[in-house]
Amino acid sequence: MIVTTKKLFEAAYGKYAIGAYNINNLEQAMGLFRGCIESKAPFIIQISKGARSYTHKKMLEGLITSANEVFPDAIFAVHLDHGDEETCYDCINSGFYSSVMIDASHESFDKNVEITKRVVDAAHAKGLVVEAELGQLGGVEEHVSVDEANAKLTDPVQAKEFVRLTGVDSLACAIGTSHGAFKFSGSQGLHFGVLEDIQKNLPGFPLVMHGSSSVPQEEVARINAAGGDLKGAKGVDATQFKRAAELGVTKINIDTDGRLVWTRVHREFFRDKPSEFDLRPVGKIFMSEYAKFIADKNEKLGSAGHLDEVRQLVI
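Okay, so let's go over this structure. If you're wondering where the values come from, they're calculated on a predicted model, not measured in any experiment. (Residues numbered from 1 in each chain as written. Predicted model: local features only at pLDDT ≥ 70, side-chain atom pairs only at ≥ 80, totals over all residues. Heavy atoms only, no water.)

**Structural notes on the overall build of the protein**
Thought 1: Across its full length, the protein carries 13 helices and 11 strands.
Thought 2: Projected onto its principal axes, the C-alpha coordinates of the protein cover approximately 60 × 45 × 35 Å.
Thought 3: A burial count over the protein gives 56% of its 315 residues as buried.
Thought 4: A total accessible area of about 13400 Å² is found for the protein, and carbon and sulfur atoms account for 53% of it.
Thought 5: The averaged location of the 43 negative side-chain charges in the protein is 2 Å from the averaged location of its 35 positive side-chain charges. (Helix = DSSP H or I, 4+ residues; strand = E, 2+ residues; numbered from the N terminus. Buried < 20%, exposed > 50% of the residue type's maximum accessible area, 1.4 Å probe, protein only. Areas by Shrake-Rupley, 256 points an atom, 1.4 Å probe, with all protein chains shown as cover. Lys, Arg positive; Asp, Glu negative; His and termini not counted. Charge placed at Lys NZ, Arg CZ, Asp CG, Glu CD.)

**Thoughts on the pattern of salt bridges**
Two side chains of opposite charge can pair, provided their charged atoms sit close to one another.
Thought 1: Summed over the entire model, instances satisfying the criterion amount to 25 salt bridges.
Thought 2: Residue Arg-164 is joined to Glu-161 by a salt bridge in which the shortest nitrogen-to-oxygen separation is 2.7 Å. One end of the pair, Arg-164, and the other, Glu-161, are both in helix α7 (residues 156-166), 3 residues apart, so they sit about a helical turn from each other.
Thought 3: Under the relative-accessibility criterion, Arg-164 is labelled exposed at 57%.
Thought 4: Residue Arg-222 pairs with Glu-268 through a salt bridge whose shortest N-O separation is 2.8 Å. A residue pair is termed long-range when its members are at least 10 positions apart, and Arg-222 in helix α9 (residues 217-225) and Glu-268 in helix α11 (residues 256-272) qualify at 46 residues.
Thought 5: Residue class for Arg-222 comes out partly exposed when judged on its relative accessible area of 29%.
Thought 6: According to the relative accessible area criterion, Glu-268 is buried, its value standing at 14%.
Thought 7: Salt bridges here are not isolated pairs; linked through shared partners, they connect Glu-85, Lys-111, Glu-114 and Arg-118. (Salt bridge = Lys/Arg side-chain N within 4 Å of Asp/Glu carboxyl O.)

**A closer look at the side chain of Lys-297**
Thought 1: You can see Lys-297 is positioned in helix α12 (residues 279-301).
Thought 2: Classification of Lys-297 by relative accessible area gives buried; the value is 4%.
Thought 3: There is a polar contact of 3.4 Å between the side chain of Lys-297 and the side chain of Ser-214.
Thought 4: Contacts of Lys-297, omitting those with residues within four sequence positions, involve Tyr-21, Ser-214, Phe-241, Ile-254 and Asp-257. (Polar contact = N/O pair within 3.5 Å; in protein donor to acceptor, adjacent residues only side chain to side chain. Contact = heavy atoms within 4.5 Å.)

**A closer look at helix α8 (residues 192-201)**
Thought 1: Of all the positions in α8, only Phe-192, Val-194, Leu-195, Ile-198 and Gln-199 are classed as buried. Axial view of α8: buried residues confined to an arc of 155°, hence all on one face.
Thought 2: Buried residues in α8 make contact with α7, β8 (170-173), β10 (207-209), α10 (241-246) and β11 (249-254). (Arc of directions from axis to C-beta.)

**What about unusual backbone geometry?**
Thought 1: Positive phi, normally seen in glycine, also occurs at His-82, with a value near 50°.
Thought 2: Residue position: His-82 is located in strand β3 (residues 76-83).
Thought 3: Although it is not a glycine, Val-215 adopts a positive phi angle of roughly 50°.
Thought 4: Following the sequence through the fold, Val-215 ends up in the loop between β10 and α9.
Thought 5: Owing to a relative accessible area of 1%, Val-215 belongs among the buried residues under this scheme.

**As for the packing of helix α6 (residues 109-124) against α7**
Thought 1: Where α6 contacts α7, the two axes come as close as 9 Å, and the packing angle between them is 35°. In this structure, the crossing between α6 and α7 has a hand that is right-handed. Only Gln-158, Glu-161, Phe-162, Leu-165 and Thr-166 of α7 make contact with α6, whose side of the interface consists of Phe-109, Asn-112, Val-113, Thr-116, Lys-117 and Val-120.
Thought 2: The class makeup of the residues in the contact of α6 with α7 is 5 nonpolar, 4 polar and 2 charged. (Axes fitted to C-alpha atoms, helices over the stretch in contact; angles between N-to-C directions. Left-handed = near helix turned anticlockwise from the far one by under 90°. Nonpolar A, V, L, I, M, F, W, Y, C, P; charged D, E, K, R; others polar.)

**Comments concerning the sheet that holds strand β4 (residues 99-102)**
Thought 1: If you walk around this closed barrel you meet the 8 strands as β1-β2-β3-β4-β5-β8-β10-β11, and the pairing is parallel. If you compare each strand with its neighbour and ignore which way they point, the axes differ by 25° on average.
Thought 2: Relative to strand β5 (residues 129-134), β4 runs parallel, the two being bridged by 4 bridges. Pairing of Ile-102 across the sheet is with Ala-132, part of β5. (Pairing = 2+ DSSP bridges.)

**Quick look at the side chain of Ser-39**
Thought 1: Looking at the secondary structure, you find Ser-39 in the loop between α2 (26-38) and β2 (43-48).
Thought 2: Within the structure, the side chain of Ser-39 is placed 2.7 Å from the backbone oxygen of Gly-35, a separation counted as a polar contact.
Thought 3: Apart from the residues lying within four places of it in its own chain, the contact partners of Ser-39 are Ala-295, Asn-298, Ala-304 and Gly-305.

Listed below in structure tokens is the structure:
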């Protein structure tokens with residue numbers, strides 16, 4: 001069942017966070033649905049601008065529509081991740097998405113407000129909800145690239161004003177995370193003080209953490225042992241998800257970790273079976289491993305076990 005993120009956030013606020021997972025292909029879609037059904041968790045499917053152009057946007061929509069039939073007990077939102085204004089309108093008018101993110105965080109505050117307000121008005125007119133971003137995360141994710149020197153934390157006072165002026169439904173905050181597999185060095189970490197101040201200024205309002213993959217060191221080590229070259233990769237401590245959820249974070253974005261699972265499975269498979277050329281055996285392994293990864297991540301987010309409860313709220 002496809003629902004809006006608004007319904008999911010109402011159920012989760014202050015208790016747990018909903019996992020928002022990016023998908024690009026059939027194997028990721030199957031693993032995601034299996035993992036969420038096994039862990040009895042609601043979830044958010046994220047489709048990025050890059051994923052929409054990887055093959056064709058209609059291909060991903062078709063996969064999700066089919067998965068919705070194959071897994072009728074699943075409850076999830078379909079969300080555009082890091083959209084520009086043009087892509088947001090395309091998704092809003094498609095009749096498929098339940099949520100879009102407009103990312104104008106690279107603009108000035110006033111310009112960000114102006115663009116976000118236009119998207120909010122268009123989305124709300126069709127019953128969709130909108131996520132926006134204030135502040136800037138460093139790192140690289142597809143078309144989003146911000147040098148760490150230019151990253152800036154979200155201003156809690158501006159956050160309140162931004163929500164008031166735009167009417168946006170949730171806010172992605174920059175609190176020290178970053179995109180990609182190379183997030184932290186030294187003593188860097190999450191700025192929970194900033195998050196606390198944002199929650200005080202926006203009580204009960206859904207907040208979002210981007211760049212929150214954990215970059216498990218076991219995955220990195222196995223990739224490197226199978227011929228990879230990921231040196232210094234480091235992510236967010238998953239034990240910090242619970243504290244973030246208590247401070248109003250209802251959505252946590254996870255993309256890089258899924259790519260690491262894909263890379264590990266495929267590198268190890270073709271290392272151990274160099275004469276293999278059939279894509280299906282390794283695809284089956286990946287779907288199983290990805291489902292395990294998703295179920296484990298939902299446990300850490302606290303969303304596992306809440307599917308039946310959410311169903312009662314959205315029906």
